[in-house]
Amino acid sequence: MDAIQYGKLNRLINGNISINIANEKDCVVYGTTTELLTMDTSSEEAREEPEVEPTATRDRDQWGKGIEFLFSCIALSVGLGNVWRFPFIALENGGGAFLIPYLVVLLLVGRPIYYMEVIIGQFSSRGCIRAFDMVPIMKGVAYGQVYSTALATTYYACIMALTIRYLVVSFSEVLPWTYCLVEWGSQCVATAATGLNLTVNHSTVVQGISSAELYFTRTVLREPVSLEDGLGAPSWEMVMCLLATWVIIAITLFKGIRSSGKASYFLALFPYVIMLILLVRAVTLPGAWQGIAYFVKPQWDQLLNPHVWYAAITQMFFSLAICFGTLIMYASFNDFHKLVHKDVIIITSIDSFTSILAGCIIFGILGNLAHETNTTDISTVVKGGAGLAFISYPEAIAKFKYLPQLFAALFFFMLLVLGIGSNIGMASSVINVVKDRYPQLPHWKLAMGASVIGFVCGLVYMTPGGQFVLNLVDFYGCTFIALVLAIAELLAVGWIYGVKRLCSDIEFMLKAKTSFYWRICWAIVAPGLMFLVLVYMLCSYEPLTYKNVPYPSAAYLAGWLIWGLGVAQLPFWAIYTIYQQPGNSFRSKLKLALEPTADWGPRQPQQLQAYLLHRKKTQESKVQRGGYFIDNIFG
C-alpha cells in the first residue's frame, strides 16, 4: 500500500477520526494478516491530510499491567454469592449432584458469554453504552444494564455495611450474639459454647430462637414483622457503617482504574489467604467432615428436576457478573492485542473453584455446630442467603472454644473484601458511562459524586424495613431485568451484528480463528438456555414475599415500575435510534439502525483504518455457506 492508497483509505473514515500523518516519516498499520504493512508517508499526497487530533483516543486509561485486568475480574466475579449463595443453592438442588448441571452451564453459558463480552470491550475500547455502536438499535440493552447495575450497587453496599458492623463487634471481649438480652424474652437460646443464659430444658432449646438470630433481626436490623407500619427511621450505627463502605469505595476509585487496578491485587488474593485459614480450622473441628459430606453428597434424582437447571443457570449468571456491562467496561482498558481467552478460562475456573471451596468451609463449620448441638439433621442449622453469613456462621463460631473473636473477625473481613471487590466493578461501570460521555471530568469528582449518591440512596436500606426493600429491588431491579436484557444482548450480538462478523473481528484483533464451540454457544445454546430460564421463571412466578410475609400492594406496584423502567430502555432507545437515522423511509432508517455506526471498530485511528481495510477485503472475498442461519454460525 503506497501513500496515495493510504490517503484514499483515510478519507473513508468519519471526519472526526482523521489523523495527522504529515509530520511522520514512517507509519505502521496493522494488516489483515500477521505481518505489518509499512509505508512511506512523506509524499505530498499524504501531507494533504488535515491535522486533527482524534477525540476518541484522548485520555483513555489503560491497565498499568495486564495482570490487573485478571485480578480485577477475579475480584468482581468472586463475591458474596460464592460464599453464601452457592452452598445453600447447591444444598437445595441435589448437593453434590448440583455440580454436574453447574459445570455444564459453566461450559455452555457462563464461559462463552464471559468471553464474548470481554472481546467486545477489548475490541472497541468503549464502555458498555458506546460498545453498542455495533448494533445501535439495541443500545437500550446497555442503558438497562447500567440502570440495573446502579441499583445493585446501592444495595450491595448496604450488605457491606452489615459486614462492617459485624467486623467491628467481633473485637468485643464477648461476642454480642452469644448471649441473650432481657428484651428478647424467654424464647431466646444463647449460642455461647459455655451455655451462657441457657436456663431452659432441651425441648425448649429445640423450639427456641438462637441469640445469633435475635441479635441479627432485632438489634442490627430492628426488623418488623411486616411493612404495615412503614419502613421506620434509619439506624445511626448502620448509617455510619454505610458511610464507611462508600468512603472505601470512593478512595479505591479515586484515580479510576489506575487506583482500582492496584487495589485489585489485594482484593483478589487476600480473601484466599483467609479462606485457607478457615478451611484448615474447619476440617479440624469435630463433626466437620459430616457437614462437608452432607454438602457434597449427590441426590441423583434431582438431575431430572428442571428447577435444578434453572438454579444452576441463574447462579452461574450472577456469580460471573455477565450481561451487566461491567466486563465490557473492564476489558475496554485492555491492550488491543491481549490474548484474553486464557484470562477468561482462568477467571471462570477460579470462580467455580471458589464456590466449591466456600461450600466446604461453611458446611464444615455448620457440621461442627450440628455436632455441638447434638443435631443429626444439618439442614436444621442452615439458613439461606444473608442468614447463612449473619446467623448460621456466627452461631457456629460461638461454639468455638478457642479464639472465637479471631475467626469471626477473619470471616467478616473476608466478606468485606469480597464485597468491596465486586462493588468496585459495579460502581466503575456506572462511573465510566459518565466518563465516556464527559471525558474532561476528573476521576475523583466522579468517584465522589457516585459515592454521595450511592450513600443517600442506600439510607432506605438502613431502616427497619430495609431488608424488605432490598429483597424487592434485588428481584425486580436486578434478577428479572437482567434475564430479559441478557437475552436481548445475545440476540443483538449473535444475530444482528452476527457471530460471523464477531469471529472476523476476533481474527483481526487476535490473529486467531474462533472454534465452532464458541460459535454454537453464542448463536444457539446460550440464548436458547437463557430464554428457557425466562420462560420457566414466568411460568413459576408467584408474588414476591420476604420470610413468607407478603408485600403491600403499593410495594408490588413499585417493584413492577422498577422492572418496567429498566426493560423500557429497549423500545425507547430503539425508536429514538431509528428516528435519528438519515433517510426518507422507515425501512431505510431501520436498516441503518441495524448496522454498526460509521466509526465502529478499534478506538485507535491506525487500527481503525486497518480494520476498515480488513472489512473491505473480507466482504470482497465473502462466500456464503447456505442460508443466513448456517452462514452466520459456520461462515
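Nothing here was measured: the structure is a model prediction, and the numbers come from that model.

A. Representation of the confidence of the model for the protein chain. The share of residues in the protein chain with pLDDT of 70 or more is 87%, and the mean pLDDT across the chain is 84. This model gives residues 1-6 a pLDDT under 50, and the stretch forms 15 contacts once residues within four places in sequence are excluded. Counted against residues more than four places away or in other chains, residues 12-58, with its pLDDT under 50, gives 80 contacts.

B. Spatial organisation of the nonpolar core. Of all hydrophobic cores here, the largest spans 202 residues; its most connected members are Trp-177 and Phe-411. The element that contributes the greatest number of residues to this core is helix H19 (residues 466-510), accounting for 29 residues. Residues in contact with Phe-411, not counting those within four places in the same chain, are Val-83, Leu-278, Ile-362, Ala-389 and Tyr-393.

C. Just the state of the cysteines, in detail. Tallying each qualifying case throughout the model produces one disulfide. The disulfide partner of Cys-180 is Cys-188, and the gap between their sulfur atoms is 2.0 Å. Linking Cys-180 and Cys-188, the disulfide has an S-S dihedral of approximately -85 degrees and is accordingly described as left-handed. You can call Cys-188 buried: its relative accessible area is 7%.

D. Molecular detail of the packing of aromatic side chains. Scanning the model with the defined rule gives 52 aromatic pairs in all. For the ring pair Trp-63 and Phe-333, a centre distance of 6.0 Å and an interplane angle of 85 degrees mean the geometry is edge-to-face. Of the two residues, Trp-63 is situated in the loop between helix H2 (44-47) and helix H3 (66-77) and Phe-333 in the loop between helix H14 (326-331) and helix H15 (340-372); the sequence distance between them amounts to 270 residues. For the pair Trp-63 and Phe-333, one class covers both residues: buried. Seen from their ring centres, Phe-411 and Phe-412 are 5.2 Å apart, and the 75 degrees between their planes marks the pair as edge-to-face. A residue is classified by how much of its surface remains accessible, and Phe-411, at 2% relative accessible area, is buried.

E. Inspection of the environment of Ile-391 at higher detail. Position of Ile-391 relative to the elements: it lies in helix H16 (residues 386-397). For the pair Ile-391 and Tyr-215, spaced 176 residues apart in the sequence, the C-alpha separation amounts to 8.6 Å.

F. The pattern of salt bridges, seen in detail. Summed over all chains, the structure comprises nine salt bridges. Asp-133 serves as the salt-bridge partner of Arg-126, at 3.8 Å between the closest nitrogen and oxygen. Accessibility classification places Arg-126 together with Asp-133 in one group, the buried group. One salt bridge in this structure joins Lys-500 and Asp-631, with 3.1 Å as the shortest N-O distance. Linking Lys-500 in helix H19 with Asp-631 in helix H25 (residues 628-634), this pair joins segments that are 131 residues apart in sequence. Beyond isolated ion pairs, a larger network of salt bridges with shared partners links Arg-126, Arg-130, Asp-133, Lys-139 and Asp-599.

Reading the values: rules and limits
- Residues numbered from 1 in each chain as written.
- Predicted model: local features only at pLDDT ≥ 70, side-chain atom pairs only at ≥ 80, totals over all residues.
- Heavy atoms only, no water.
- pLDDT = per-residue confidence, 0-100.
- Contact = heavy atoms within 4.5 Å.
- Core = buried A, V, L, I, M, F, W, Y, C linked by side-chain atoms within 4.5 Å.
- Buried < 20%, exposed > 50% of the residue type's maximum accessible area, 1.4 Å probe, protein only.
- Helix = DSSP H or I, 4+ residues; strand = E, 2+ residues; numbered from the N terminus.
- Disulfide = S-S within 2.5 Å.
- Phe/Tyr/Trp six-rings, centres within 6.5 Å; stacked < 30°, edge-to-face > 60°.
- Salt bridge = Lys/Arg side-chain N within 4 Å of Asp/Glu carboxyl O.

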